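Secondary and tertiary structure notes
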Amino acid sequence: MLLDNLTFHPIYSQLSLPVKHRFPIEKYQGIYDALIARGVQPDRFVTPEPISVEYLKRFYDHAYVDALISGQLDYQAMRRIGFPWSEQLIIRSLTAVGGTILTAKQALKHGVALNLTGGYHHAGADYGSGFCLFNDLYLAAQTMLEEPGIDRILIIDLDVHQGDGTALLAQQDEQIITLSVHGEKNFPHRKQQSDMDFPLPKGTGDNDYLNVVDEALLLALRTYTPDAVIYDAGVDIHEHDDLGHLNITTQGVLLRDKMVLSACRQRKLPVVCVIGGGYQRDIAALVAVHLQLFRAAGVIDTD
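Presented here is an overview of the structure given in this document. Keep in mind the model is a prediction, meaning the values are calculated, not measured.

What counts as what
Residues numbered from 1 in each chain as written. Predicted model: local features only at pLDDT ≥ 70, side-chain atom pairs only at ≥ 80, totals over all residues. Heavy atoms only, no water. 1 Å grid on protein atoms, 1.4 Å probe; cavity = no way out; pocket = protein on both sides within 12 Å on 5 of 7 lines; lining within 4 Å. Points joined across faces, edges and corners; volume = space filled by probe spheres on them. Helix = DSSP H or I, 4+ residues; strand = E, 2+ residues; numbered from the N terminus. Nonpolar A, V, L, I, M, F, W, Y, C, P; charged D, E, K, R; others polar. Salt bridge = Lys/Arg side-chain N within 4 Å of Asp/Glu carboxyl O. Buried < 20%, exposed > 50% of the residue type's maximum accessible area, 1.4 Å probe, protein only.

**Things to note about the layout of surface pockets**
Roughly 250 Å³ of internal volume is contained in the largest pocket. Surrounding the largest pocket, 22 residues form its lining, His122, Gly130, Phe131, His161 and Tyr279 being those nearest its centre. At the level of secondary structure, the elements contributing two or more residues to the lining of the largest pocket comprise α1 (27-37) and α4 (75-81). Its residues assigned to classes, the lining of the largest pocket comprises nine nonpolar, nine polar and four charged. Approximately 170 Å³ is the volume attributed to the second largest pocket. A per-class count over the lining of the second largest pocket returns five nonpolar, two polar and four charged.

Here it is, written out as structure tokens:
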């Protein structure tokens, strides 16, 4: 029987953006197409529904949610998000967040599950930022905590940008532990306090990076003994990423993802994977880097 542990909706890549906009919206469909081309069966994918506004309001500021969804959020707040407002943006974002929550449920069922989007870690309770409208990682953690036997979640954020919104949301929540390994001199300019932060200097290469990730991972798992993990596998650490400023090879990305998933597997921890950031303008090259997560998870073979 094939596992239905992959989450995708075509709407992930259906967003009209201005010419030369920085966000590579096509990459999500590109990842799906690449997986299908490599023999992944379409019935392995589950299709998410948009998250309800009522559920969002359980955790996020009501005025922010209403203003953003209705298109009444002020210019500066939308500029901080980085997208022009459209109804399409809202539906897409609600569906993407719904996708991560569905992936969390599939991870509890199968042990590992992967969303072909996600990682909206800059959004806080009453604001969006850095292409993130609603923080799906925090919502997925809250969803998992509702399940019996799940009392503590570790969010492992290896995107090159610190998960500042997640850190802020979970700061007073002892059940959600935040770990961030990120570029020290990168967005956001003002960092927040995660439970564990590992800032890296510009130009960090594979060996130093993997040593830090290994140390951070083992320390977090030993210190906090979580019941489940949410993994933001951002690939903007890559040497060819336009916004990353680190020097990690494609092989380094694969080894990192294998390290995280292996550590979770050894401890029998359910792990929810989202693909996170990646900002090469060459979509095919960007997709090739994102595919390392699916290789590490055994979805496709390692070339």
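Additional details are given in the paragraphs that follow.
**Notes on the pattern of salt bridges**
For side chains bearing opposite charge, pairing can occur when the charged atoms are close. The tally for this structure, following the rule as stated, stands at five salt bridges. As a salt-bridge pair, Asp4 and Lys109 come within 3.5 Å of each other at their nearest N and O atoms. Of this pair, Asp4 sits in the segment before β1 (6-7) while Lys109 is found in helix α5 (residues 87-110), placing the two residues 105 residues apart along the sequence. With a relative accessible area of 55%, Lys109 lands in the exposed category. We note a salt bridge from Asp242 to Arg22, for which the minimum N-O separation is 2.6 Å. In this pair, Asp242 is assigned in the loop between β7 (228-232) and α9 (250-266) and Arg22 in the loop between β1 and α1, connecting sequence segments 220 residues apart. On the basis of relative accessible area, Arg22 is assigned to the buried category, the value being 18%.

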